Amino acid sequence: MWINWRSDLETGIAAVDADHREIIRRFNALLTACEQGRGRDEVKGLISYLENYAGTHFRDEEKLHEETGYPDAAVHREQHRTFTDKLRELNAKFSQQGTPVYLVVRTNRFLAEWLFDHIYEKDREFGDFLRKKKTAGRPEPGA
Ligand SMILES: [Fe+2]
Ligand SMILES: [Fe+2]
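These numbers come from a predicted model, not from an experiment.

Give me the lowdown on the nonpolar core, citing residues and values where you can.
Formed by 28 residues in total, the largest nonpolar core has its most connected members in Ile23, Leu50, Tyr53 and Phe83. Breaking this core down by element, the ones donating at least two residues are helix 1 (14–35), helix 2 (39–68), helix 3 (73–97) and helix 4 (101–137). Counting residues per element, this core draws most heavily on helix 4, at nine residues. Leave out the neighbours within four places in its chain, and phenylalanine 83 touches Leu50, Tyr53, Ala54, Phe58, Phe110 and Trp114. Val16, Leu64, Phe126 and Leu130 belong to the second largest nonpolar core, which has six residues in total.

So, the packing of aromatic side chains: which residues are in play, and what are the values?
Scanning the entire structure with this criterion turns up eleven aromatic pairs. Between tyrosine 53 and phenylalanine 58, the aromatic rings sit 5.9 Å apart at their centres with planes inclined by 70°, giving edge-to-face as the arrangement. Centre to centre, the rings of phenylalanine 83 and tryptophan 114 are 4.0 Å apart; their planes meet at 40°, and the pair counts as tilted. With phenylalanine 83 in helix 3 and tryptophan 114 in helix 4, this pair connects stretches of sequence that are 31 residues apart. In this structure, phenylalanine 83 and tryptophan 114 share a single accessibility class: buried. Through successive ring pairs, a cluster of aromatic residues spans Tyr49, Tyr53, Phe58, Phe83, Phe110 and Trp114. For arginine 26, the ring lying beneath its charged end belongs to tyrosine 49, and the centroid distance is 4.1 Å.

Cut-offs applied
Residues numbered from 1 in each chain as written. Chains lettered and ligands numbered in written order. Predicted model: local features only at pLDDT ≥ 70, side-chain atom pairs only at ≥ 80, totals over all residues. Heavy atoms only, no water. Core = buried A, V, L, I, M, F, W, Y, C linked by side-chain atoms within 4.5 Å. Buried < 20%, exposed > 50% of the residue type's maximum accessible area, 1.4 Å probe, protein only. Helix = DSSP H or I, 4+ residues; strand = E, 2+ residues; numbered from the N terminus. Contact = heavy atoms within 4.5 Å. Phe/Tyr/Trp six-rings, centres within 6.5 Å; stacked < 30°, edge-to-face > 60°. Lys NZ or Arg CZ within 6 Å of the ring centre and 35° of its normal.

See the structure below:
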């Protein structure tokens, strides 16, 4: 199940949107690799990318929440923490066990859940909030 970028996912913040596009691209690349029997080769690079992503991307988003007075910031931040914890667990398993197929499958599922539960839901809500805020700040036409 390949995932496409949708314009309503855009937050309007270039760095955040670029990260989301990249995570979707990598998810699709992992699916392609699995189909071609290369999932185990691909998964390591993905995990190290995600580790990096989790650190900088979440920090950037949370900073924006704070700067814009986003009311749902606490719930959102909690999901970031959960993702980071799960990622750490997954990573530890890879270190202990190498790349067994079941872990590749688990990574796949983990990322799919993240895309649908967080990027499609929570990050999109934040995008909507930013758009509304921008519109509200604009002077009435003709005013
Ligand atoms: Fe995000
Ligand atoms: Fe987020």
